[in-house]
Amino acid sequence: MSTFIYMSGMVLYGLFTFILEYHSKNKEKYSVVKYRIIYVLLFILSILPLTLISGLRYNVGTDYNHTYAPHFIDKNWDYSEFLFIWVNQFLRLFTSNPVILFLFMATVTHTFLQLAITRISPRWWVSAVLVVCINFFSVSLNQSRQMMSVAIYAYAFTFIHEHKLVKYLIFAILAGLFHYGCLILIPVYFIFNFKFVKKYYLGIFIVTLFLVPAMCLCFKQAILHTKYEYYFTNPNYYTNQSIEAYFIASLIVEGFAILWADNLIKKYGDLAIGLILLNGIALCIGFASFFIKINELTARIYLLFSFGQIFLIPMIVESEDNYWMKWYIVIALVSTVTLSSSYVIYRQLHHEIFPYRWIFNK
């Protein structure tokens, strides 16, 4: 039953996003006002399935009763991020029921993610399906605040290739104020806009991959001087597991991206390079997990960068002209990321999203 609910949400999300995409390509059929009204209604309809599944859940996700619900009920604002504390305090003025907080996080997450998809994805409905397939949605049922911040940053990312620094910083900082971990993403704008990086991105990626073992040692020393030092000092986090499923997924996506790099760059320019590099960083983090076997830590960092697959995969597909090759790429890449996320959810039992329960039958 739980799997049926999640799959139904994905299908409805993909279907309504397809209708939204179709409508956006036929704006000449409507007056400006009518087109915008229909577009807004379809946009809202498209984000409803996953928003409602996420926002109306009960005791689904590891952090549901571990962090969010009890903190909200007891007014225990045990968070570092003041903006998230303010949101909790504001919502608490209306009700002591934490469902309002989960609805807020779900709405923000899927609104910004959909805004990002409609701005840069060449196939909106494919990206919508990938939101579930790459594990973004599943993780958002557990690490809700982090994935909400990543969704906001995904929207900020869409301004990089347009060189709109002010808009980028506004939304990137907003993402960081909800989850400080996202602040490490702010330099991405400046790194990706270096001409040297754009020209030699493949060489930089290969060198970085080889330097991962040494970088892991430096990373450990840096983390020991932050509030996240407990990952290394608390023995409970040493599971001796790597995030091999995520590593394999990002490796195969990156392999396809590099093979189709010429077509990608020709068709999408700097945006393609940025997404290839973003997934390359995710791949390096996946590789680093074999040296830092604290999967709770490495998975959280990996998820800050892997969201780029939502846009990169449909771009790879659309950069190929051969019809049958397109289908081969779709099947290969979607199967890869789906099997990867399924392994994490079903085999390793991460995030505790099963069984699914509504607030109506708790």
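For the structure, see preceding data.
Quick summary incoming for the structure in this document.

Calculation criteria
- Residues numbered from 1 in each chain as written.
- Predicted model: local features only at pLDDT ≥ 70, side-chain atom pairs only at ≥ 80, totals over all residues.
- Heavy atoms only, no water.
- Phe/Tyr/Trp six-rings, centres within 6.5 Å; stacked < 30°, edge-to-face > 60°.
- Helix = DSSP H or I, 4+ residues; strand = E, 2+ residues; numbered from the N terminus.
- Buried < 20%, exposed > 50% of the residue type's maximum accessible area, 1.4 Å probe, protein only.
- Lys NZ or Arg CZ within 6 Å of the ring centre and 35° of its normal.
- Contact = heavy atoms within 4.5 Å.

## Some words on the packing of aromatic side chains
Scanning the model with the defined rule gives 34 aromatic pairs in all. With 6.0 Å between their ring centres and 80° between their planes, Y153 and F307 make a pair best called edge-to-face. Residue Y153 is found in helix α8 (residues 144-157), and its partner F307 is found in the loop between α17 (295-305) and α18 (309-319); the two are separated by 154 residues along the sequence. In this structure, Y153 and F307 share a single accessibility class: buried. Here Y246 and Y302 contribute two aromatic rings whose centre-to-centre distance is 4.8 Å and whose plane-to-plane angle is 10°, an arrangement assigned as stacked. In this pair, Y246 is assigned in helix α14 (residues 244-259) and Y302 in helix α17, connecting sequence segments 56 residues apart. For Y246, a relative accessible area of 5% gives the class buried. Members of the aromatic cluster, connected to one another through ring pairs, are Y153, F157, Y168, Y189, F190, F192 and F307. Taking NZ or CZ as reference, R92 lies 5.9 Å from the ring centre of F72, over its face.

## Comments concerning the environment of N193
Note on placement: N193 falls in the loop between α10 (188-192) and α11 (195-199). Separated by 30 residues in the primary sequence, N193 and H163 have C-alpha atoms spaced 8.1 Å apart. Apart from residues no more than four positions distant in its own chain, N193 is found in contact with I160, H163 and K198.

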